[in-house]
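So the chains spell out like this:
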Amino acid sequence: MSIVEFFSQPVWHRLSLTLVHFLWQGVAVAVVACAAVRLLRLKRGNPRYGAYLLAFAVMAVCPPVTFIILATRAAPAVIAPGPMPEIESSGPVPRSVAYEPRRQPSEDTLPIGLMRRASLQERLDAALQTSLPWMLVCWMGGVLVLSVRLLLGFIGVRRWRRNLEPLAEGLQARVALLIERLGMPGFSRVFTSRRAQEAVALGYLRPMILLPTALLTQMSPEMLEAIIAHELAHIRRLDLWVNLAQRVVETLLFYHPAVWWLS
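Description of the structure in this document. Quick caveat, the model's predicted, so the values are computed rather than measured.

1. Quick word on the overall build of the chain
Part 1 of the argument: Helices and strands together make up the secondary structure of the chain, namely 9 helices and 4 strands.
Part 2 of the argument: Written out in order from the N terminus, the α and β elements of the chain read α-α-α-α-β-α-β-β-β-α-α-α-α.
Part 3 of the argument: Here the chain, with 263 residues, has 26% of them falling under the buried criterion.
Part 4 of the argument: Sequence separation of 24 or more characterises 70% of the internal contacts of the chain that already satisfy a separation of 6 or more.
Part 5 of the argument: As presented, the chain carries roughly 18900 Å² of accessible surface, and 64% of it is formed by carbon and sulfur atoms.

Here it is in structure tokens:
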């Protein structure tokens, strides 16, 4: 079985059509999001972030919903066969009610403009059906490449977790008070790292904050406390999970410029 034949099967065909439909869906969502931000004057802060986050979630939902709708339309209606009713013939069928096959319009009776339009549509449909399997192959290749990038990011994060050092006692006490004020009881995973180039929050099930070792000597305790508070806010707002979902959507819908613009 060739590649074209394999990816022409119903499931892969619906997936290809789903990716094609997302071309106009992504543009529509991006235009609506941009118009909403301008009309509502959401210039900065949480409202603007929430508007774009909602639009990004809508983009992520469009492909699975489209795939389900296409599957529903493709499913044929099954009608249970039943016995045919017997019709008793009481005489010859009148000529007025006899069945006459409907004549199909010939090419001679169709207008020239309608013939050209039908011919162009048929050629476009044929070209689309022929290119869909190859489009799906290219999409899978792009997803594979970006998945490797995502995997390398996870490996890099795991390397950052090595050789961690605890904070100084004075700074630990300030961080404990800060965590209590922010309403995050039980969180105490703040460390220094020689690998980290900047302050960063990482991890999903057990998040932590890493501070570059150089910051401890270059900044005052008040500045360090402000930096740690900023990273704690990311963890409390679940921005790490949002970032993961963002990377997954970018990987699957990489071919659409609106996804990268909104991201």
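From this point, the narrative continues.
2. Examining the packing of aromatic side chains
Part 1 of the argument: Across all of its chains, the model carries 5 aromatic pairs by this definition.
Part 2 of the argument: Ring centres 6.0 Å apart and planes at 90° place the aromatic pair Tyr-52 and Trp-261 in the edge-to-face group. Of this pair, Tyr-52 sits in helix 3 (residues 45-74) while Trp-261 sits in helix 9 (residues 257-262), and the two are 209 residues apart along the sequence.

3. Observations regarding the pattern of salt bridges
Part 1 of the argument: A full pass over the atoms with the stated rule returns 7 salt bridges.
Part 2 of the argument: With a shortest N-O distance of 3.8 Å, Arg-149 and Glu-250 are connected by a salt bridge. One end of the pair, Arg-149, is in helix 4 (residues 112-160); the other, Glu-250, is in helix 8 (residues 239-252), and 101 residues separate them in sequence.
Part 3 of the argument: We classify Arg-149 as partly exposed; its relative accessible area is 40%.
Part 4 of the argument: Residue Glu-250 pairs with Arg-247 through a salt bridge whose shortest N-O separation is 3.3 Å. In this pair, Glu-250 and Arg-247 are both assigned in helix 8, 3 residues apart and thus about one turn of the helix distant.
Part 5 of the argument: Since its relative accessible area comes to 4%, Glu-250 is described here as buried.
Part 6 of the argument: Because the salt bridges share partners, they merge into one network encompassing Arg-174, Arg-181, Glu-222 and Glu-225.

4. Considerations on the pairing of strand 4 (residues 208-212)
Part 1 of the argument: The element strand 4 is largely enclosed, with a buried count of 5 among its 5 residues.
Part 2 of the argument: The alternating pattern of strand 4 places Met-208, Leu-210 and Pro-212 and Ile-209 and Leu-211 on opposite faces, both of which are buried.
Part 3 of the argument: Bridge count for strand 2 (residues 190-193) against strand 4 is 4 bridges, and the pairing is parallel. By the bridge assignment for strand 4, Ser-193 is matched with Pro-212.
Part 4 of the argument: Judged from the 3 bridges that link them, strand 3 (residues 200-202) and strand 4 form a sheet pairing that is antiparallel. In the sheet register, Leu-202 faces strand 4, and the bridge partner there is Met-208.
Part 5 of the argument: The hairpin turn running from strand 3 into strand 4, its antiparallel successor, is 5 residues long, and Gly-203 in that turn takes a positive phi close to 100°.

5. Digging into helix 2 (residues 10-39)
Part 1 of the argument: Here helix 2 is 30 residues long and its end C-alpha atoms lie 43 Å apart, about the 44 Å a rise of 1.5 Å per residue gives.
Part 2 of the argument: At Leu-23, helix 2 shows its largest bend, some 30°.
Part 3 of the argument: Every buried residue of helix 2 is accounted for by Arg-14, Ser-16, Thr-18, Leu-19, Phe-22, Gln-25, Gly-26, Val-29, Ala-30, Ala-33 and Val-37.
Part 4 of the argument: Just past helix 2, the residue Arg-41 takes up positive phi, approximately 55°.

Rules behind the numbers
- Residues numbered from 1 in each chain as written.
- Predicted model: local features only at pLDDT ≥ 70, side-chain atom pairs only at ≥ 80, totals over all residues.
- Heavy atoms only, no water.
- Helix = DSSP H or I, 4+ residues; strand = E, 2+ residues; numbered from the N terminus.
- Buried < 20%, exposed > 50% of the residue type's maximum accessible area, 1.4 Å probe, protein only.
- Contact = heavy atoms within 4.5 Å.
- Areas by Shrake-Rupley, 256 points an atom, 1.4 Å probe, with all protein chains shown as cover.
- Phe/Tyr/Trp six-rings, centres within 6.5 Å; stacked < 30°, edge-to-face > 60°.
- Salt bridge = Lys/Arg side-chain N within 4 Å of Asp/Glu carboxyl O.
- Pairing = 2+ DSSP bridges.
- Expected span 1.5 Å × (residues − 1).
- Bend = angle between axes of the 7 residues up to and from the residue.

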